[in-house]
Amino acid sequence: MQSTHESGFFLFAKRLCRLILLLGLLPYCAMAQGVVSVGDRLPYAVGGTAFDQSKFQTPAKTVSVRYWHPSKVIITLDRAVPYVYGILPSLAGRQRIYLDLFDTTLTTQLQQPASVTTPQNPPKLYQWNPRIVRFEMAVNGLSSVIAMDYQAVGQRQIVLEARVLPNSAQKSPATAQRTIIIDAGHGGEALGAVANGLEEHAIVLKVAQFLQKELKTLTKTPVLLTRQTNKTMSIEQRLAFANAHHGSLLISIHANAYKDPKVRGTEVYFLSSTEDQIASDLASRENEMSLAELQKFQNILTDLRLGIHMARSQKLAKSVHFHLLKSLNKNYTTRDMGVKQAPFLILFANIPAILVELEFLTNPQAAKLLTSPKYLQTMAQGIAKGVTTFLPN
C-alpha cells in the first residue's frame, strides 16, 4: 500500500513529465520510474506500463529485435515496461530516432541485415545505463516517429517506425531507378501448402521465374527475385532484399489451401486489417503465427498505416487481379475471389506491395492445372500485364 506522501510524489512526477514533454525537453532528461501508466499517449514521447518495484524484482529482458524495412523495427521483451521515444540531434547530417526501454536488461544482440543502413551510421542497441536499454537509428528525410506496443503470447512487442518526407533529400519515386521485386513465397524448410502431390514453394517459384521473364520483355525496369532456388528466407530477409535493391514494387506469389477441397479460385491481397475469418486463417498460416497473435498484430495497423502506399497497393492489386483473370479466362475457367485485405507480414513494407494467391492446391482440378507449365505461364502473363499497366508511362 502506497502512503499519501508517495502518491503525491508520483502525481507530481507525472505532471512534471507532462510539462517536460510539452517543452520538448524529454531527450535531455531522465524519466522517473513509475510515472507512466498504460494509455499515457502523449505525441511521440511516452508509452508502456507503470513500473511496480514490488511486482518485478528483476529487470525485463530483450527477446529479439526484428527489422521490417529500414525505418521500422520491432523489439520484443519478456514483459511490459515503460518507454520513451523521439528524435535525437542530427549526426553526420542525418537525424536519428531513439527508443529508451526502462527497467530493461539487454540480453540479445541486434540482428541487423546488411542492407538496413550504411556502415557509417549503423543502428545501435545498447545498455545506456544499468536500468535502461536504448535503440537508436539514423534516418534520411525524417518527418516524425511513432511507436506502438501490444501483448503477444506472454511477451510484449514494441513497434518503432520513422515517417519520412515524400520529397526528402532521398530520390523521389519519379526520379529514382525503379526495381520490381518478385517474392516466391516459402522455400527451403518452409514448404508452404502441401496437397495433391504438390508443394507450394515449388509451384510459386516457377511462376515467379515465368513472371520475371515476362516483365523483362514488357518493361525496361529491372526485375529481381528474392530467391531463385529452393532456399529458406525469413520475411525480414525478403524485405531487406527489396530495400537493398531499391525496390519500388513488391509482388509476393503464393498458392492457397483450404479444408474444403471444393473451394478454388484466384485472389489478390493488399495490406490492411481484416474481419474475414478465411482471410485471417490464411494470414495466420502465411505469417506463421497463431490467430491470437494475428489479432494483436492487427491492432497496431490502425496507427501504423502506410498512407499513400496503401492506396497504391490497392490500385496495383486491382490491376493485377483484372489482368490475371482476363488472361486465364481466355483458355481456362477459374473462380474470381476478388481483391481483399489482410495483414500479411510480407506486405508490411514501405512500397506498394501485393500478395497473389494463384489457386488452391487442395482442389483436385486446380492442382492438375498447376502441374502444367503452360497454365503457370498464362498466370505469369496476366500478372505481368497488370504490373505494367499500373506502372506510370
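Reading the values: the criteria
- Residues numbered from 1 in each chain as written.
- Predicted model: local features only at pLDDT ≥ 70, side-chain atom pairs only at ≥ 80, totals over all residues.
- Heavy atoms only, no water.
- Helix = DSSP H or I, 4+ residues; strand = E, 2+ residues; numbered from the N terminus.
- Contact = heavy atoms within 4.5 Å.
- Areas by Shrake-Rupley, 256 points an atom, 1.4 Å probe, with all protein chains shown as cover.
- Expected span 1.5 Å × (residues − 1).
- Buried < 20%, exposed > 50% of the residue type's maximum accessible area, 1.4 Å probe, protein only.
- Salt bridge = Lys/Arg side-chain N within 4 Å of Asp/Glu carboxyl O.
- Polar contact = N/O pair within 3.5 Å; in protein donor to acceptor, adjacent residues only side chain to side chain.
- pLDDT = per-residue confidence, 0-100.

A. Broad picture of the overall build of the protein. Looking only at helices and strands, the protein has eight helices and 18 strands in total. In the protein, once contacts between residues fewer than 6 apart in sequence are set aside, the share between residues at least 24 apart is 72%. Total accessible area computed for the protein in this model is approximately 18,400 Å², and 54% of it derives from carbon and sulfur atoms.

B. Seen up close, helix 2 (residues 200–218). Compared with an ideal rise of 1.5 Å per residue, which puts 19 residues at 27 Å, helix 2 spans 27 Å between its outermost C-alpha atoms and is within 8% of the ideal. Taken together, the buried positions of helix 2 are Glu200, His201, Ile203, Val204, Leu205, Val207, Ala208, Leu211, Gln212, Glu214 and Leu215.

C. Broad picture of unusual backbone geometry. Within the chain, aspartate 103 stands out as a residue other than glycine whose phi angle is a positive 55°. Examined against the element boundaries, aspartate 103 turns out to sit in the loop between strand 5 (94–102) and strand 6 (104–105). For aspartate 103, a relative accessible area of 1% gives the class buried. In this model, histidine 186 sits at a positive phi of 65°, which is unusual for a non-glycine residue. For histidine 186, the location among the structural elements is in the loop between strand 11 (180–184) and strand 12 (194–195). Residue classification places histidine 186 among the buried residues on the basis of a relative accessible area of 12%.

D. Here's a closer look at the pattern of salt bridges. Going through the model one piece at a time under the given rule, you end up with seven salt bridges. A salt bridge links aspartate 100 to arginine 134, with the nearest nitrogen and oxygen atoms 2.6 Å apart. With aspartate 100 in strand 5 and arginine 134 in strand 8 (residues 132–139), the pair connects residues that are 34 residues apart, well separated along the chain. You can call arginine 134 buried: its relative accessible area is 6%. Aspartate 183 is paired through a salt bridge with arginine 238; the nearest N and O atoms lie 2.6 Å apart. A residue pair is termed long-range when its members are at least 10 positions apart, and aspartate 183 in strand 11 and arginine 238 in helix 3 (residues 235–244) qualify at 55 residues. Aspartate 183 sits in the buried class, given a relative accessible area of 2%.

E. Focus on the side chain of arginine 238. Since its relative accessible area comes to 5%, arginine 238 is described here as buried. Polar side-chain contacts of arginine 238 include one of 2.6 Å to the backbone oxygen of histidine 186. What arginine 238 contacts, discounting residues up to four positions off in sequence, is Asp183, Ala184, Gly185, His186, Thr226, Arg227, Met233 and Ile346.

F. Broad picture of the confidence of the model for the protein. Across the protein, pLDDT averages 75, with 67% of residues at or above 70. Low pLDDT, under 50, characterises residues 1–46; the predicted model gives this stretch 65 contacts beyond four residues in sequence or across chains. Across residues 49–55, where pLDDT falls below 50, the model places 14 contacts with residues more than four positions away in sequence or in other chains.

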